[in-house]
Amino acid sequence: MQLKTILNRVQKFKSFVYQSVQWSESDGVLTLVIEMVARAHSDPLCSGCGRRGPGYDRMETRRFEFVPLWGIPVLFLYAMRRVNCKRCGVKVESVPWARGKHTLTGAYMQFLATWAKRLSWQEVAAIFQTSWEKVFHSVEWAVEWGLAHRDISKVESIGVDEVLWHRGHPYLTVVYQIDAECKRLLWVGQDRTMRTLLRFFRAVGKQWSAQLRFVCSDMWKPYLRVIAKKASQAIHVLDRFHIAMHMNKAIDEVRAQEARAMRAEAMEVLKHSRWCLLKRPENLTDFQQAKLSDLLRLNLKAVRSYLLKESFQFFWGYVSPYWAGKFLDSWCTKTMRSRIEPMKKVARMLRSHRELLLNWFRAKKAISSGAMEGLNNKLKLTTRKSYGFRTFRVAEIVLYHALGKLPEPESTHRFC
Ligand SMILES: [Zn+2]
């Protein structure tokens, strides 16, 4: 079987033919060179408007990289024609195997992009003997195609979240779809200001936002304000996963404060404390008894914070928003009396967002509660695998590619 037969089977073009296949060897690298020609009497397609027009002239031969066969690089050679288009003037023709100024064929870009879902871009570049940049452009092309062809018309629930990125620009804002039947990344923006999220709402438009039924987010004020303004009809839910995060942060703070206090007081308290811990309590002197209570006090706050956090778990078990509200109020009162400042801060925060918190019970059946956390974990895994993003553009492309569930162009043959 000839190579031309194989090519016609995996990728046949209506107006072009595979003319010849030849070996080429330079610097010890063996390459398969395939010459393409336009079919006789077929007019070139204008790259401006997509219509056929009379040929104007022919340009220098261009090289396009195709999917390697048996590890051997494959090049298409073709001299692009120019069209004398009635509408656009003299334009370069468009060819079905490549887009714009890309030197990689569409099939090869799709091939690299598919591998880039499983391996890091560096690994893909190394295995297929190409550059990081070419892998990046392939993924970028796949993402752009996917974004242009995806269907977001049936989105009813979204989750908004912030992601720590890198030192110079610490935050990204991400918007997920969190409907039970589809969970995916919808949008990425730089920073976490009101302006960032406004950009998202501007991109999707008023009509789209008006059909949202649930919006899930953290208590981050800029987000709350934009959501109240742009999706006021939707039930705004504070995410369970974020509240647990705030509690854990508070406990960490208490523990760290106590550890620092320990260091300062430790010299004083621990200096003469040995016998308080070794002796039976009834045998302690007055001085040693005071010491023991000092020691116990040092640890108490972290433990009490922990118990407060654990007792809050009951909140999520309620079915009726009314009783959940009752529980929330009593938990906040108890915590406000605890004299543990970081936990009081959490209680104040929960109190001031009471209605949004109770929305969780109103939306319970519609929102899949683990969705935000699951997508967040996947996102963290992706950022770790890509060894830190160089620019926002790279971050954006990586995340859409990994989490966007984007459609792919149909091709007659799947190369991987
Ligand atoms: Zn045209």
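Note that the structure is predicted; figures quoted are calculated from it, not measured. One numbering rule holds for all chains: residues counted from 1, following each sequence as written. Totals for whole chains, interfaces and linings use all residues, but because this is a predicted model, local features are given only for residues with pLDDT of at least 70 and pairs of side-chain atoms are given and counted only at 80 or more. As a rule here, side-chain values cover all heavy atoms of the structure and leave hydrogens and water aside.

(A) Quick peek at the overall build of the chain. Looking only at helices and strands, the chain has 15 helices and ten strands in total. C-alpha extents for the chain along the principal axes are approximately 105 × 55 × 35 Å. Exposure categories follow from relative accessible area, calculated using a 1.4 Å probe and restricted to protein chains: below 20% of the type maximum is buried, above 50% is exposed, and the middle band is partly exposed. Counting over 416 residues, the chain shows a buried share of 44%. Using a 1.4 Å probe, accessible areas were evaluated by the Shrake-Rupley method; residue-level cover was limited to the displayed protein chains. A total of about 23500 Å² of accessible surface is found on the chain, and carbon and sulfur atoms cover 54% of it. A residue counts as positive if it is Lys or Arg and as negative if it is Asp or Glu; His and the chain ends are not included. Lys charges are placed at NZ, Arg charges at CZ, Asp charges at CG and Glu charges at CD. Positive and negative side-chain charges of the chain, numbering 69 and 37 respectively, have mean locations separated by a distance of 4 Å. Numbering of helices and strands starts at the N terminus; helices are DSSP runs of H or I of at least 4 residues and strands are runs of E of at least 2.

(B) Fine view of the pairing of strand β3 (residues 55-69). Only when DSSP finds a minimum of two bridges between them are two strands counted as paired. Relative to strand β4 (residues 72-85), β3 runs antiparallel, the two sharing ten bridges. What sits directly across from Arg62, in β4, is Tyr78. Hairpin connection between β3 and β4: a loop of two residues separates the two successive antiparallel strands, and Trp70 in this loop has a positive phi of roughly 50°.

(C) The arrangement of the state of the cysteines in detail. The term disulfide is used for any two cysteine sulfur atoms that are within 2.5 Å. This structure, assessed with the given rule, holds zero disulfides. No disulfide involves Cys182; its nearest neighbouring cysteine sulfur is the one of Cys216, lying 16 Å away. Exposure remark for Cys182: the relative accessible area of 18% places this residue in the buried category.

(D) Molecular detail of the nonpolar core. We call a set of buried residues a nonpolar core when its members are Ala, Val, Leu, Ile, Met, Phe, Trp, Tyr or Cys and they connect through side-chain atoms within 4.5 Å of each other. Grouped together as the largest cluster of nonpolar side chains are 110 residues, with contacts concentrated most on Ile158 and Leu350. Among the elements that line this core, the one with the most residues is helix α15 (residues 392-403), at eight residues. In what follows, a contact means two residues having at least one pair of non-hydrogen atoms within 4.5 Å. Those residues in contact with Leu350 that lie beyond four places of it in its chain are Met219, Ile243, Met247, Phe312, Leu328, Trp331, Cys332 and Leu357.

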